[in-house]
Amino acid sequence: MGFPTTVSMNLQTLSSDAPQGMFVGWAILSPLSKYSGWAPGPVGDMTTGARGWILWTSLGIMCADSFVSLLPVLFDYVVDLVSRNKDSPHNDAADMSHHETETEDRLVPMSWVMGGLISSIVLGTILVWAVFGHDGIKPWATVLGFVLGGMLSIFGVRALGETDLNPVSGLGKISQLVFAWVQPGNIVANIIAGGVTEAGAQQAGDLMQDLKTGHLLHASPRSQFYGQLIGSSVSILVSTTAFTLYNRAYTIPGPSFPAPTAYVWLSLARLLRAY
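Residues numbered from 1 in each chain as written. Predicted model: local features only at pLDDT ≥ 70, side-chain atom pairs only at ≥ 80, totals over all residues. Heavy atoms only, no water.

1. Description of unusual backbone geometry
Working step 1: Backbone geometry places H218, a non-glycine residue, at a positive phi of 60 degrees.
Working step 2: Summarising the element assignment, H218 is placed in the loop between α8 (187-216) and α9 (221-249). (Helix = DSSP H or I, 4+ residues; strand = E, 2+ residues; numbered from the N terminus.)

2. Side note on the packing of aromatic side chains
Working step 1: Summed over the entire model, instances satisfying the criterion amount to 7 aromatic pairs.
Working step 2: For the pair W38 and W53, a centre-to-centre distance of 5.6 Å together with 20 degrees between the ring planes defines the contact as stacked. Here W53 lies in helix α3 (residues 50-87) and W38 lies in the loop between α2 (17-35) and α3, a separation of 15 residues in the sequence. (Phe/Tyr/Trp six-rings, centres within 6.5 Å; stacked < 30°, edge-to-face > 60°.)

3. Points about the side chain of N186
Working step 1: When you line up the elements, N186 lands in the loop between α7 (168-182) and α8.
Working step 2: A distance of 3.2 Å separates a polar side-chain atom of N186 from the backbone nitrogen of V188.
Working step 3: Among residues more than four places away in sequence, those in contact with N186 are D135, G136 and I137. (Polar contact = N/O pair within 3.5 Å; in protein donor to acceptor, adjacent residues only side chain to side chain. Contact = heavy atoms within 4.5 Å.)

4. What to know about the confidence of the model for the chain
Working step 1: Looking at the chain, pLDDT values average 78 and 84% of them are 70 or higher.
Working step 2: Ranking the elements of the chain by mean pLDDT puts helix α1 (residues 3-12) last with 48 and α9 first with 89.
Working step 3: Confidence over residues 11-16 falls short of pLDDT 50; this stretch has 4 contacts with residues more than four positions distant or in other chains. (pLDDT = per-residue confidence, 0-100.)

5. Re the packing of α7 against α8
Helix-helix packing: each pair is described by the crossing angle between the helix axes and the interaxial distance.
Working step 1: At a minimum axis separation of 8 Å, α7 and α8 run at an interaxial angle of 150 degrees. Crossing of α7 against α8: the hand is right-handed. The residues of α8 that touch α7, namely those facing V168, S169, L171, G172, S175, Q176, F179 and A180, are A189, N190, A193, G194, T197, E198, A201 and Q202. (Axes fitted to C-alpha atoms, helices over the stretch in contact; angles between N-to-C directions. Left-handed = near helix turned anticlockwise from the far one by under 90°.)

6. Some thoughts on helix α5 (residues 110-132)
Working step 1: The first and last C-alpha atoms of α5 sit 32 Å apart over 23 residues, in line with the 33 Å expected at 1.5 Å per residue.
Working step 2: Considering only its buried residues, α5 is in contact with α6 (139-163) and α8. (Expected span 1.5 Å × (residues − 1).)

7. Structural notes on the side chain of S175
Working step 1: Tracing the backbone through its elements, the reader meets S175 in helix α7.
Working step 2: Reaching out from S175, the side chain makes a polar contact with the side chain of T197 at a distance of 3.0 Å.

8. With respect to a nonpolar patch on the surface
Working step 1: A cluster of nonpolar side chains, contributed by M110, W112, V113, M114, L117, I118, V122, I126 and Y226, occupies part of the molecular surface with about 840 Å² of accessible area.
Working step 2: For the nonpolar patch, the element with the most residues is α5, which contributes 8 residues.
Working step 3: In this fold, W112 is placed in helix α5. (Patch = residues over 30% accessible without salt bridge, like charges linked within 9 Å, V, L, I, M, F, W, Y side chains within 5 Å. Areas by Shrake-Rupley, 256 points an atom, 1.4 Å probe, with all protein chains shown as cover. Salt bridge = Lys/Arg side-chain N within 4 Å of Asp/Glu carboxyl O.)

9. Describing α8
Working step 1: For α8, built from 30 residues, the straight-helix expectation of 44 Å at 1.5 Å per residue is met to within 8% by its first-to-last C-alpha distance of 44 Å.
Working step 2: Along α8, the positions that sit buried rather than exposed are I187, A189, N190, I192, A193, G194, T197, A201, G205 and G214.
Working step 3: In this structure N186 caps α8, since a side-chain oxygen of it lies 3.2 Å from the backbone nitrogen of V188. (Buried < 20%, exposed > 50% of the residue type's maximum accessible area, 1.4 Å probe, protein only.)

What follows is the structure, given as structure tokens:
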């Protein structure tokens, strides 16, 4: 792509937050930390270099932004819920059925939804305990992570619908902060809790957009449910196989795949362990 193309792309998109953050981080904070002696190591080093120093700065900004950006969504959600209960405290089910445009044979039965939800939580708890049980994560903590992830996914979906931005990273950080109190000092539990929340919010947002598109195209919600179920099942095999192949061919994290996002998660978990 070349340096001129990269510069022009960043100048054209300077109105967004990402290029501004990149410019401030690497053009201002990185030289400042290097020549001030705060990050004496090589610039690209994640431990003693400017890259790692910028990481902690961005981590603080992300945590603060998570709370600030979610407060209006939480406030609007609570106000909307209270106003609906006040206006029609006994007619919520009737109102939902009145506004439903699909027939019963095209909808997904609630028994399927609840059965799948409970089965997923049970299976996920068993798998997490089987893989990470020796690291001290408790089954009740895993269940709490699923519950917390489901609650935070509601705010993520609402934020996505109102702003076209799903704050999954911020939601994951909030879950990590909660688990720093639930299971203090347990890095594995902290990372798993944040991962469950972020993955749940991400998938909930994607599913909402898929169902909305299907609704506009008059597709059957039940058919979409079958498609999502098949795709999710296949993706388990594809993603695990791809990761296994990459992990055999490369060192992860390593020079080719440094996995900076994973380092952010690990750094926050270590920071919370210290406190």
